[in-house]
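Residues per chain, in single letters:
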Amino acid sequence: SQKIEQNSEALNIQEGKTATLTCNYTNYSPAYLQWYRQDPGRGPVFLLLIRENEKEKRKERLKVTFDTTLKQSLFHITASQPADSATYLCALDESGGSYIPTFGRGTSLIVHP
Amino acid sequence: KAGVTQTPRYLIKTRGQQVTLSCSPISGHRSVSWYQQTPGQGLQFLFEYFSETQRNKGNFPGRFSGRQFSNSRSEMNVSTLELGDSALYLCASSDRGDTGELFFGEGSRLTVL
């Protein structure tokens, strides 16, 4: 069966360190993978998209990697700040024009001052 | 540009009742998707409407229905409410562009007693 796995345990790190979140998937052939941020009681906010033919994408302090052989994406936040504390969701889209990504359950990141 | 607007933000219903939730997408976006989010299941896709037509449907019972109007505003309806329908219902709009980015509203928090 198809699965998207994100670490259900919260990731606790110190301010200034690099946070690394993992998204693993099975039985998917994603055309692209997205990362969203969700704050408590709010809707998710799009952060980054990486396509199947891209290895790495950067945006300011964010970096995403995509390894279709390992079936894994890593999401990095460098120089993390307490304001980065949130739940981060990965979403896969096998496309074919459906534009309906399937979401993982998210990993909570807590950045301590 | 105004964001995605969902109403009501919070509502409490009792079992057996029905509920209608509303979503106004970003101006110019013709695709509206609905998701149910619960702690146990994460974000689950309900359905997507594009230009007033349901294009995709998730694996939910027929008690869940929706529609889209000519101005792209969308409503979803849940009939014969069950306790398990308590969730955050999120609407997302999209221009079905290159990134597949979804723009989420703040959600409607439904509690079924």
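Presented here is an overview of the structure given in this document.

Conventions used here
- Residues numbered from 1 in each chain as written.
- Chains lettered and ligands numbered in written order.
- Predicted model: local features only at pLDDT ≥ 70, side-chain atom pairs only at ≥ 80, totals over all residues.
- Heavy atoms only, no water.
- Helix = DSSP H or I, 4+ residues; strand = E, 2+ residues; numbered from the N terminus.
- Buried < 20%, exposed > 50% of the residue type's maximum accessible area, 1.4 Å probe, protein only.
- Contact = heavy atoms within 4.5 Å.
- Core = buried A, V, L, I, M, F, W, Y, C linked by side-chain atoms within 4.5 Å.
- Pairing = 2+ DSSP bridges.
- 1 Å grid on protein atoms, 1.4 Å probe; cavity = no way out; pocket = protein on both sides within 12 Å on 5 of 7 lines; lining within 4 Å.
- Points joined across faces, edges and corners; volume = space filled by probe spheres on them.
- Nonpolar A, V, L, I, M, F, W, Y, C, P; charged D, E, K, R; others polar.
- Phe/Tyr/Trp six-rings, centres within 6.5 Å; stacked < 30°, edge-to-face > 60°.

Time to look at the environment of Arg61 of chain A. Residues and elements named next belong to chain A. Inspection of the secondary structure assignment puts Arg61 in the loop between strand S6 (56-59) and strand S7 (62-67). Assessed through its relative accessible area of 26%, Arg61 is described here as partly exposed. With 19 residues separating them along the chain, Arg61 and Ser80 place their C-alpha atoms 8.2 Å apart. Beyond its immediate sequence surroundings of up to four residues, Arg61 is in contact with His76, Ile77, Thr78, Ala79, Ser80, Gln81 and Asp84.

Core analysis: the biggest nonpolar cluster contains 23 residues, and Leu33, Trp35, Phe75, Ile77, Tyr88 and Leu109 of chain A have the highest contact counts within it. Counting residues per element, the ones that place at least two in this core are strand S3 (19-26), strand S4 (32-38), strand S5 (45-51), S7, strand S8 (72-77), strand S9 (86-93) and strand S11 (107-112) of chain A. Once you skip the residues sitting within four places of it in the chain, Phe75 of chain A turns out to touch Ala19, Thr20, Leu21, Trp35, Leu47, Leu48, Leu62, Lys63, Val64 and Tyr88 of chain A. Listed in part, the 21 residues of the second largest apolar core include Ile26, Val32, Phe64 and Cys91 of chain B.

Turning to the pairing of S9 of chain A, a few remarks are in order. Residue and element names in this part refer to chain A. Within S9, seven of the eight residues are buried, leaving the element largely enclosed by the surrounding structure. Pairing analysis gives three bridges linking S9 to S11, with the strands arranged antiparallel. Bridge assignment links Tyr88 to a residue of S11, and that residue is Thr107. Across two bridges, S9 lies against strand S10 (residues 102-103) in antiparallel orientation. Across the sheet, Leu92 pairs through a bridge with Thr102, a residue of S10.

With that settled, the discussion passes to the side chain of Ser74 of chain B. Mapped onto the elements, Ser74 of chain B comes out in strand S8 (residues 74-78). Contact partners of Ser74 of chain B, with chain neighbours within four places excluded, come to Leu21, Ser22, Cys23, Val32, Trp34, Tyr49, Arg67, Gln68 and Phe69 of chain B.

For the rest of this paragraph, the subject is the layout of surface pockets. Looking at the largest pocket, its volume works out to about 450 Å³. Lining the largest pocket are 21 residues; nearest its centre among them are Gln2, Ile4, Tyr28, Thr102 and Phe103 of chain A. Counting residues per element, the ones that place at least two in the lining of the largest pocket are strand S1 (3-6), S9 and S10 of chain A together with strand S5 (42-50) of chain B. Across the lining of the largest pocket, the residue classes tally to eight nonpolar, eight polar and five charged. Of the voids in this model, the second largest pocket is the one considered here, and its volume is about 350 Å³. If you trace the second largest pocket, you find 16 residues lining it, with Gln38 and Thr87 of chain A together with Gln37, Thr38 and Pro39 of chain B closest to the centre. Contributions of two or more residues to the lining of the second largest pocket are made by S9 of chain A together with strand S4 (31-38) of chain B. The element that contributes the greatest number of residues to the lining of the second largest pocket is S9 of chain A, accounting for three residues. Looking at the lining of the second largest pocket residue by residue, the classes come out as five nonpolar, seven polar and four charged.

The next point concerns the packing of aromatic side chains. The tally for this structure, following the rule as stated, stands at 12 aromatic pairs over all chains. Here the aromatic rings of Tyr36 of chain A and Phe104 of chain B are separated by 5.9 Å at their centres, their planes lie at 85°, and the arrangement is edge-to-face. Of the two residues, Tyr36 of chain A is situated in strand S4 and Phe104 of chain B in strand S10 (residues 103-104); the pairing between them involves two chains. As far as burial versus exposure is concerned, Tyr36 of chain A and Phe104 of chain B are alike and both buried. Their ring planes at 85° and their centres at 5.5 Å tell us that Phe103 of chain A and Tyr35 of chain B sit as a pair that is edge-to-face. Placement of the pair is Phe103 of chain A in strand S10 and Tyr35 of chain B in strand S4, with the two residues belonging to separate chains. The burial state of Phe103 of chain A is the same as that of Tyr35 of chain B; both residues are buried. Grouping aromatic residues by their ring pairs yields a cluster made of Tyr36, Phe46 and Phe103 of chain A together with Tyr35, Phe45 and Phe104 of chain B.

Geometric values such as these leave the question of function open.
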